Amino acid sequence: MIGVIIAFVGSGIRRSTPLIFASLGGVYSERSGVVNIGLEGMMLVGAFVSVVAGNVFGLVPGILLGALSGTLLALLHAVATVTFKANQIVSGVAINLLGMGLTEFIPEAMFGKTNIESLCSAPTISGFTPLVFVAMALVVLSHLILFKTVFGLRLRSVGENPKSADTLGISVERMRYIGVMISGALAGLGGAYMSIEQSACFTKNMVAGRGFIALAAMIFGGWTPFGALGACLLFGFADSLQTIIQTFGVAIPPPIIQLLPYLLTIVILASAVKRVRPPEADGKPYER
Amino acid sequence: MDKRAIISPLISIAIAFAIGAIFIKFIGKSPLEAYASIFKGAFAGEGWGFTLFSMTSLIITGLAVALGFHCGLFNIGANGQLMVGGMFAAYIALLFSGVPAFLLLPVVIFSAIAAGGFWGFIPGFLKSKRGTNEVVVTIMMNYIAIGMIGYLLTYPLKASPGWIAQSEIIPESLWLPRYKGMIGADPTIILAIALAVMVYFLLWRTKTGYEIRAVGFNPKASNYGGINVPRTIALAMALSGAIAGLAYFNYIFAYQHRVVSDVLLGANVGFDGITVALLGKNHPLGIILASFLLAVLCSGCLAAQFEIGIPKSFYLFLEGIIIFSFVIFEKVMGGRKE
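Values in this document were obtained by computation on a predicted structure and should not be read as measured data.

1. Overview of the overall build of chain A
Right, so step 1: When you go through chain A residue by residue, the secondary structure sums to 11 helices and 2 strands.
Right, so step 2: Start at the N end of chain A and walk to the C end: the helices and strands fall as α-α-α-α-β-α-α-α-α-β-α-α-α.
Right, so step 3: A compact globule built from 288 residues would reach a C-alpha radius of gyration of about 19 Å, and chain A, at 19 Å, matches this within 12%.
Right, so step 4: Structurally, chain A occupies a C-alpha span of about 60 × 45 × 30 Å along its principal axes.
Right, so step 5: Of all 288 residues assigned to chain A, the portion counted as buried reaches 57%.
Right, so step 6: Contacts in chain A between residues far apart in sequence, at least 24 positions, make up 79% of those at least 6 positions apart.
Right, so step 7: Accessible area for chain A stands at about 11200 Å²; split by element, carbon and sulfur atoms hold 69% of it.
Right, so step 8: In chain A, 18 side chains carry a positive charge and 13 a negative one; their mean positions are 8 Å apart.

What follows is the structure, encoded as structure tokens:
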């Protein structure tokens, strides 16, 4: 019994980790006023690049290059939405198409297959790989950065009221670029965790909607790091629940469990619209 | 229609081809050969059929997204709506398989419309009643549709023998005829074009259409002008979903004659609809033209995979670049005009 519970908690935390990275990313981007539905594509690219780079350069450079690849894709999102003021949803959709296309096209064309095994093996500390702890640390760090530093205040100010921020001499464009690029780096890390540490393999479309669950978690958590953490843990544990439920012989079909996070998000959004509120200028391009 | 409406999509495609050529070169193939194969593949022999086939779904989702846009709504849930529409239509077809086709077919078509409409109505209703962002809700609805249909096709509606998650074959009397047996040459392409005409009339020739566009243009002024804004928003989302509900009708009733889980749940054409609506400037005629362009790329890339081994996912990559080129090009040109 205790064994089952330990396995359940461990699996829940592992399943939450990629969500935590990506949804923290979402917090940075949306706090700066840019909606990022491209998290999914950024995670995919991070997952792919980290495995390929890891096989050549080793574990840590692989993970860092995975984060960098997410950042580069995010840069494209920032150029389109901040500099060219393109619709942020349209750009996000395009980011996802690019992410899906590239991570299917390149492995198939270069290696003749869509699965690439990772040759790196990550060390484990009581069953958890290093990025699990990094994710937890980043939650605390992000809270401090966003709410206790001048940088955080500025980032939030361009997402709440860009005009006032601009009047005070804060570069709205620069802050938004930074917010979006941090989100790409974090989504890339989430992808890297999935491919290198969680499954030791990159497979086609392996992110499978987690970018969107992360987005849901961010909203569920009220656009805050700790809120996002709570929501990601909830979704991650719900996901690992399907294994434990089967052990007890109560069969809830996996597809039904998988749709719960999305259903919960709609319910919370529809019922608590007054309490959970996006940043005021979220999604709106800033025109001087 | 002004000249730029035609030029911008073509230039965006040219830019995407140029960038795509670098990637093709990078994987050690000849870009010229690849593009020749794509264009040949889109038109030669069976290729025409596949082009028409993709075009049908693209027109339908493009119209769905555009109708939402006209009301200031972003329907990113066309994918979920087409899944629910297709699944429900097939379910009804299987349930009443004994009923004669001339009675059953209209009911089946209506089922697709109703289920898609319902799936679109929910986010519209939540937006109008609770101010909930429709983008977020439609994304969530996509995954709820995937979970639900995934469940239905792996458990209660699964065809009894075999490992594949798919439904039973729908009654043969409901199989849509195909001209000379060619894929894509079925009545749904006519349905898609008829829908384009209907959307045009709805938006620009009826009171409801006027209200939809007015709310999209300025919800506050529409409210003062006596338009019931919440009702219009819910209606526009429901209509958008209803249209999208038909997008995979050809797949199920004219091609596979059953619902195959991997195929229906792997649909991406709901997102392609966003590209189509964007390139076609939300106008039905523009949407038909944009659907044609995208369909050529889609079926061409499929053919090129078999012929010279360019993975068909190249299509997704091209589409992403097309979107970026288009929005940036439009901005640059628009800026110059001012």
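Now that the structure is up, let's keep going.
2. A few points about helix α5 (residues 130–148) of chain A
Right, so step 1: Across its 19 residues, α5 of chain A extends 26 Å between first and last C-alpha, which sits within 8% of the 27 Å expected from 1.5 Å per residue.
Right, so step 2: Along α5 of chain A, the residues classified as buried are Leu131, Val132, Ala135, Leu138, Val139, Ser142 and Leu146 of chain A.

3. Examining the state of the cysteines
Right, so step 1: This structure, assessed with the given rule, holds 0 disulfides over all chains.
Right, so step 2: Counting only cysteine sulfurs, Cys301 of chain B is the nearest neighbor of Cys298 of chain B, a cysteine outside any disulfide, at a range of 7.5 Å.

4. Here's the deal with the pattern of salt bridges
All names here are of chain B.
Right, so step 1: For the structure on display, the rule yields 8 salt bridges over all chains.
Right, so step 2: In this structure, the salt-bridge partner of Glu134 is Lys127, at a minimum N-O distance of 2.9 Å.
Right, so step 3: As a salt-bridge pair, Arg231 and Glu211 come within 3.9 Å of each other at their nearest N and O atoms. Taken as a pair, Arg231 in helix α10 (residues 229–244) and Glu211 in helix α8 (residues 207–217) lie far apart in primary sequence, 20 residues in all.
Right, so step 4: Salt bridges sharing common partners tie together Lys207, Glu211 and Arg231.

5. Section: the interface of chain A and chain B
Right, so step 1: Counting residues at the interface gives 42 residues for chain A, matched by 44 residues for chain B.
Right, so step 2: Taken over both partners, the interface formed by chain A and chain B buries close to 3800 Å², and the fraction arising from carbon and sulfur atoms is 85%.
Right, so step 3: Inspection of the chain A/chain B interface yields 3 residue pairs in polar contact (both at pLDDT 80 or more).
Right, so step 4: Listed by contribution, the elements that provide at least two residues to the side of chain A that touches chain B are α3 (59–83), α4 (88–111), α9 (210–220) and α11 (254–271) of chain A.
Right, so step 5: With 17 residues, the top contributor of residues to the side of chain A that touches chain B is α4 of chain A.

6. Examining the side chain of Asp239 of chain A
Right, so step 1: Within the secondary structure, Asp239 of chain A sits in helix α10 (residues 225–247).
Right, so step 2: Beyond its immediate sequence surroundings of up to four residues, Asp239 of chain A is in contact with Arg15 and Ile257 of chain A.

7. Regarding the nonpolar core
Right, so step 1: Judged by nonpolar contacts, the single largest core of 192 residues is most densely connected at Ile37 of chain A together with Ile76, Val108, Ile139, Phe253, Ile310 and Phe314 of chain B.
Right, so step 2: Val108 of chain B has contacts with Ala89, Ile92, Ala93, Leu174, Phe249 and Phe253 of chain B, leaving out every residue within four places of it along the chain.

What counts, and where the lines are drawn
Residues numbered from 1 in each chain as written. Chains lettered and ligands numbered in written order. Predicted model: local features only at pLDDT ≥ 70, side-chain atom pairs only at ≥ 80, totals over all residues. Heavy atoms only, no water. Helix = DSSP H or I, 4+ residues; strand = E, 2+ residues; numbered from the N terminus. Rg over C-alpha atoms; globule rule 2.2 N^0.38 Å. Buried < 20%, exposed > 50% of the residue type's maximum accessible area, 1.4 Å probe, protein only. Contact = heavy atoms within 4.5 Å. Areas by Shrake-Rupley, 256 points an atom, 1.4 Å probe, with all protein chains shown as cover. Lys, Arg positive; Asp, Glu negative; His and termini not counted. Charge placed at Lys NZ, Arg CZ, Asp CG, Glu CD. Expected span 1.5 Å × (residues − 1). Disulfide = S-S within 2.5 Å. Salt bridge = Lys/Arg side-chain N within 4 Å of Asp/Glu carboxyl O. Buried area = accessible area lost by both parts, 1.4 Å probe. Polar contact = N/O pair within 3.5 Å; in protein donor to acceptor, adjacent residues only side chain to side chain. Core = buried A, V, L, I, M, F, W, Y, C linked by side-chain atoms within 4.5 Å.

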